[in-house]
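# Structure at a glance
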Amino acid sequence: MSEPIRVVLVDDQPLFRAGVAAVVDAQSDLRVVGEAGTGAEAIELLDGIDADVVLLDIRMPDVDGAEAARRLLSPERAARRPRPLRIIVLTTFGLDERARAAIDVGASGFLLKDASPEFLVAAIRAVHAGSAVAATGDLAALVRSGAAPREALAPPAGLATLSDRERLVFDAAIEGLSNAEIAARLFLSESTVKTHVSNVLSKLGVRDRVQLVVLAHRHGLGGGG
């Protein structure tokens, strides 16, 4: 049996952390390995322990979630870890500018703090596997709520290497379609779509669908574009 996914909770409300911890620890494949009440505490904690997924409140005293995400996902810290660290931003408001900033520096998506326990644990598993956790349509809106696309940016280097089918998958993915929805649109099996998505991420040099949406927005690319 594989080791449980190691989760760290970061929120300045102890009661909220206790509730989330109870939900997470009730799952046989998940385990809370640490808690922090501020962004600064989270950085110090995660410099000393191994973790897989961080649930990170975006609004905290001292170091907020966006800045904590930037520091935690810095190349220097990433190089010291034996495996990737994934971050799920927790927000009260869906289109939160700080959440957008955290995603921009590498967070794997966002959840509203009133998400159901079932959605929360599914999100942790999905992020650990390299997927996005927000509905990508909402994620695209979140990214669009920031700065406009940079007019001078050339198309991403790997875009020209995509096959015709991979480009169709790329367009559908940044629209927010799930693998099942892409399969239905393109008359493919879900396993084939999964392979195409993996190839697209690899060729464009991004690690998950969240970063794919960010990349598409930065270069002014849209579905079918």
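See the structure above.
Anyway, here's the lowdown on the structure attached to this text. From a predicted model like this one, the values you see are computed outputs, not experimental measurements.

## Some details on the overall build of the chain
Counting its secondary structure elements, the chain contains 11 helices and five strands. When contacts within the chain are restricted to residue pairs at least 6 apart in sequence, long-range pairs at least 24 apart make up 68% of them. As presented, the chain carries roughly 10700 Å² of accessible surface, and 53% of it is formed by carbon and sulfur atoms.

## Observations concerning the packing of aromatic side chains
All told, the structure shown has zero aromatic pairs when counted by the stated rule. Directly above the ring of F16 sits K113, whose terminal nitrogen or CZ lies 4.5 Å from the centroid.

## A word on unusual backbone geometry
Unusually for a residue other than glycine, F187 sits at a positive phi of about 60°. Mapped onto the secondary structure, F187 falls in the loop between α9 (179–186) and α10 (190–204). For F187, a relative accessible area of 78% corresponds to the exposed category.

## Quick notes on helix α5 (residues 97–104)
Because an α-helix packs 3.6 residues into every turn, residues spaced three or four apart end up facing the same way. When we look at burial in α5, the residues that qualify are A99, R100, A102 and I103. One face of α5 carries all of its buried residues, which in axial projection span an arc of 160°. Directly beyond the C-terminal end of α5, a positive phi value near 125° is found at G106.

## A closer look at the pairing of strand β1 (residues 5–10)
Most of β1 sits inside the fold, with six of its six residues counted as buried. In β1, alternate side chains face the same way, and those of I5, V7 and L9 on one face and R6, V8 and V10 on the other are all buried. Where β1 and strand β2 (residues 30–36) come together, six bridges link them in parallel fashion. Each bridged residue has a counterpart across the sheet, and for V7 the counterpart in β2 is V32. For the crossover from β1 across helix α1 (residues 14–25) to β2, the handedness is right-handed. Taken together, the four bridges between β1 and strand β3 (residues 53–57) define a ladder with parallel strand orientation.

## So, the packing of α10 against helix α11 (residues 209–218)
For the pair α10 and α11, the least separation of the axes is 11 Å and the interaxial angle reads 55°. Regarding the angle of α10 to α11, the classification is oblique. For the crossing formed where α10 meets α11, the hand is left-handed. Contacts from V197, V200, L201 and L204 in α10 reach R209, L212 and L215 in α11. Of the residues contributing to the contact of α10 with α11, the split by class is six nonpolar, no polar and one charged.

Calculation criteria
- Residues numbered from 1 in each chain as written.
- Predicted model: local features only at pLDDT ≥ 70, side-chain atom pairs only at ≥ 80, totals over all residues.
- Heavy atoms only, no water.
- Helix = DSSP H or I, 4+ residues; strand = E, 2+ residues; numbered from the N terminus.
- Contact = heavy atoms within 4.5 Å.
- Areas by Shrake-Rupley, 256 points an atom, 1.4 Å probe, with all protein chains shown as cover.
- Phe/Tyr/Trp six-rings, centres within 6.5 Å; stacked < 30°, edge-to-face > 60°.
- Lys NZ or Arg CZ within 6 Å of the ring centre and 35° of its normal.
- Buried < 20%, exposed > 50% of the residue type's maximum accessible area, 1.4 Å probe, protein only.
- Arc of directions from axis to C-beta.
- Pairing = 2+ DSSP bridges.
- Right-handed = clockwise from strand over helix to strand, strands pointing away.
- Axes fitted to C-alpha atoms, helices over the stretch in contact; angles between N-to-C directions.
- Parallel < 35°, antiparallel > 145°, perpendicular 65-115°, else oblique.
- Left-handed = near helix turned anticlockwise from the far one by under 90°.
- Nonpolar A, V, L, I, M, F, W, Y, C, P; charged D, E, K, R; others polar.

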